[in-house]
Amino acid sequence: GVVVNALASLLQVSGQQAIGPARAQVIYASQPLWAALLSFAFLGETVGAEGAIGGGLFLGAMFLAATAEAPDANCDEEQCEI
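It should be emphasised that the depicted structure is a prediction, and the values quoted were computed from it without experimental measurement.

S.K.: Can you walk me through the overall build of the chain in this structure?
M.R.: Of the regular secondary structure elements, the chain holds four helices and zero strands. Reading the helices (α) and strands (β) of the chain from amino to carboxyl end gives α-α-α-α. Residue burial in the chain is summarised as follows: out of 82 residues, 7% are buried.

S.K.: What's the story with the side chain of S39 in this structure? I'm lost.
M.R.: The topology assignment puts S39 in helix α3 (residues 31–43). What makes S39 buried here is its relative accessible area of 13%. In contact with S39, other than residues within four places in its own chain, are G44 and E45.

S.K.: For this particular structure, what's the right way to read the packing of helix α1 (residues 2–19) against helix α2 (residues 21–29)?
M.R.: It is at 6 Å that the axes of α1 and α2 come closest, and there the two elements cross at 125 degrees. Between α1 and α2, the angle falls in the class oblique. Together, Q12, Q16 and I19 of α1 and P21, R23, A24, I27 and Y28 of α2 make up the contact between the two elements. Grouping the amino acids of the contact of α1 with α2 by side-chain chemistry returns five nonpolar, two polar and one charged.

What counts, and where the lines are drawn
Residues numbered from 1 in each chain as written. Predicted model: local features only at pLDDT ≥ 70, side-chain atom pairs only at ≥ 80, totals over all residues. Heavy atoms only, no water. Helix = DSSP H or I, 4+ residues; strand = E, 2+ residues; numbered from the N terminus. Buried < 20%, exposed > 50% of the residue type's maximum accessible area, 1.4 Å probe, protein only. Contact = heavy atoms within 4.5 Å. Axes fitted to C-alpha atoms, helices over the stretch in contact; angles between N-to-C directions. Parallel < 35°, antiparallel > 145°, perpendicular 65-115°, else oblique. Nonpolar A, V, L, I, M, F, W, Y, C, P; charged D, E, K, R; others polar.

Shown next as structure tokens:
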């Protein structure tokens, strides 16, 4: 119990520090998608049209977030992002 919970927390925090907060949020937000995919693959659950469309839209949003250019942290302008 204690060792498993401590190890999971340690790995989570070190992973978040390694990849940064924005990418960590995308990973955590994708948990329902992974749960649906794993239940489809291992438990034989079905995915309806709405679920497939939602999963596709989420994957598209993840792609856009992962490929977006990071804003300049040293920007002296009032509005730095495009």
